[in-house]
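Coordinate inspection notes
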Amino acid sequence: MNGSLPVVEARNLSKTYWLYPSQHKRLLGSFINPRRIPGAFAFNALSDLNFELYPGDAIALIGKNGAGKSTALQLL
């Protein structure tokens with residue numbers, strides 16, 4: 001922008017959750033690698049989000065349910 005530095009900068013913001021077929025297997029995932037649990041799979045809630053905010057800028061996060069809006073804000 002006009003030579004000023006960004007006040008907020010996000011680079012490659014990503015978040016992956018592990019989903020399990022049962023509560024028992026979710027508990028098991030706390031102790032062993034989730035990749036070894038049958039039926040467990042990784043869900044990418046957010047992948048490679050990049051942005052910069054400069055003084056006076058505003059940003060709006062819009063999208064469908066499950067698009068990662070709340071996840072992005074929580075990570076920030």
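Position numbers for residues start from 1 in each chain and track the written sequence from start to end. Where totals are concerned, whole chains, interfaces and linings use all residues; where local detail is concerned, this predicted model gives features only for residues with pLDDT of at least 70, and gives and counts side-chain atom pairs only at 80 or more. Heavy atoms throughout the structure, all of them, feed into the side-chain values; hydrogens and water do not.

Observations concerning the overall build of the chain
Helix and strand content of the chain: two helices and two strands. Listing the helices and strands of the chain from first to last along the sequence gives β-α-β-α. Each of the three principal axes of the chain carries a C-alpha extent, and together these read 55 × 25 × 15 Å. Only protein chains enter the accessibility calculation, which uses a 1.4 Å probe. A residue is then buried if its area is under 20% of the maximum for its type, exposed if over 50%, and partly exposed in between. Residues counted as buried form 20% of the 76 residues belonging to the chain. Throughout, a contact is declared for two residues whenever any of their heavy atoms are within 4.5 Å. Summarising the internal contacts of the chain: among those between residues at least 6 apart in sequence, 66% fall at separations of at least 24. Here the chain has roughly 5900 Å² of accessible surface; of this, 54% comes from carbon and sulfur atoms. Separation between the mean location of the 8 positive side-chain charges and that of the 4 negative ones in the chain comes to 23 Å. Note on conventions: DSSP H or I runs of at least 4 residues are helices, E runs of at least 2 residues are strands, and numbering of each starts at the N terminus. Using a 1.4 Å probe, accessible areas were evaluated by the Shrake-Rupley method; residue-level cover was limited to the displayed protein chains. Charge assignment: positive for Lys and Arg, negative for Asp and Glu; neither His nor the chain ends contribute. Here the site of a charge means atom NZ of a Lys, CZ of an Arg, CG of an Asp or CD of a Glu.

Describing the pattern of salt bridges
The salt bridge criterion pairs a side-chain nitrogen of Lys or Arg with a carboxyl oxygen of Asp or Glu, the two atoms within 4 Å. Counting across every chain of the model gives two salt bridges. Taking the shortest distance from any N to any O, the salt bridge between Glu9 and Arg11 comes out at 3.1 Å. Note on Glu9: relative accessible area 46%, which makes it partly exposed. A cluster of three or more residues bridged by salt bridges with shared partners is formed by Glu9, Arg11 and Glu52.

A closer look at the nonpolar core
Nonpolar side chains in soluble globular proteins tend to end up buried together. Remark: nonpolar core denotes a set of buried residues (Ala, Val, Leu, Ile, Met, Phe, Trp, Tyr, Cys) joined through side-chain atoms within 4.5 Å. Of all hydrophobic cores here, the largest spans six residues; its members are Ala10, Leu13, Leu46, Phe51, Leu53 and Ala72. When residues of this core are traced back to their parent elements, those giving at least two are strand E1 (8–19) and strand E2 (41–53). Setting aside chain neighbours within four positions, we find Leu53 in contact with Pro6, Val7, Val8, Ala58 and Ile59.

Points about unusual backbone geometry
Most peptide bonds adopt trans geometry, and most residues besides glycine take a negative phi value. If you check the backbone angles, Asn12 has positive phi at about 50° while not being a glycine. Turning to its location among the elements, Asn12 is positioned in strand E1. Notably, Asp48 is not glycine yet its phi reads approximately 55°, a positive angle. Locating Asp48 in the fold gives a position in strand E2. With relative accessibility at 48%, the residue Asp48 sits in the partly exposed group.

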